[in-house]
Amino acid sequence: MTRASQSYPALPAVVVDQLQKLGRDLTVARKRRHLSLREMADRMMVNLKTVQRLEKGDPAVGIGIVAAALWILGMHRRLGDLVAPETDTTGLQEDIRNLPRDFRKKKNSRSDKYDF
C-alpha cells in the first residue's frame, strides 16, 4: 500500500495531466515491445499493481520505479535529460535578466594613451 502524501491532492492540474500522459506513453511503449503487464512487472521486479498504477499516472509511484520502467523499455537515458541545464529555458532567461545593466569599463587612474 502506498503512503498518502498531502502534496498529491495539491498537484496542479497540468502536472496531473503530464503524469497521466507519461503513463499512457509508457503503456504504448510497453505494448509496442509486445510485453504484457505481468512481463513488465517481472522484469521490473515489482508487483502487477505497481505497473498498473504507473501506467495510470499515479503520482505516488516512486521515481525509481519510473527509472526501472524506462530502463526495461530502453529509454533510461532520457531521464537524465529532464532538467539538463542546456534545456532549461527558464533558468537561462533568469541568468539573462540578472546580467549587469552597464557593460562599460571603469576608467583607470592611468592614462589610456596606450590602449589599443
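Look a little higher up for the structure.
Residues numbered from 1 in each chain as written. Predicted model: local features only at pLDDT ≥ 70, side-chain atom pairs only at ≥ 80, totals over all residues. Heavy atoms only, no water.

(A) Molecular detail of the layout of surface pockets. When its volume is computed, the largest pocket comes out at roughly 520 Å³. Lining the largest pocket are 19 residues, and of these Leu22, Val66, Leu70, Leu79 and Leu82 sit closest to its centre. Those elements that place two or more of their residues in the lining of the largest pocket are helix H1 (13-32) and helix H4 (63-72). At six residues, the largest contribution of residues to the lining of the largest pocket is made by H1. Class assignment of the residues belonging to the lining of the largest pocket gives a composition of 13 nonpolar, three polar and three charged. (1 Å grid on protein atoms, 1.4 Å probe; cavity = no way out; pocket = protein on both sides within 12 Å on 5 of 7 lines; lining within 4 Å. Points joined across faces, edges and corners; volume = space filled by probe spheres on them. Helix = DSSP H or I, 4+ residues; strand = E, 2+ residues; numbered from the N terminus. Nonpolar A, V, L, I, M, F, W, Y, C, P; charged D, E, K, R; others polar.)

(B) Spotlight on H1. For H1, spanning 20 residues, the distance from its first C-alpha to its last is 29 Å, which sits close to the expected 28 Å at 1.5 Å a residue. Taken together, the buried positions of H1 are Gly23, Leu26, Thr27, Ala29 and Arg30. Buried residues of H1, seen end-on, are gathered within an arc of 170° and therefore sit on one face of the element. In H1, the exposed positions that point more than 90 degrees away from the buried face belong to Ala13, Val14, Lys31 and Arg32. For H1, the secondary structure elements touched by its buried residues are helix H2 (37-44), helix H3 (48-56) and H4. The first or second residue beyond H1 is His34, which carries a positive phi of 55°. (Expected span 1.5 Å × (residues − 1). Buried < 20%, exposed > 50% of the residue type's maximum accessible area, 1.4 Å probe, protein only. Arc of directions from axis to C-beta. Contact = heavy atoms within 4.5 Å.)

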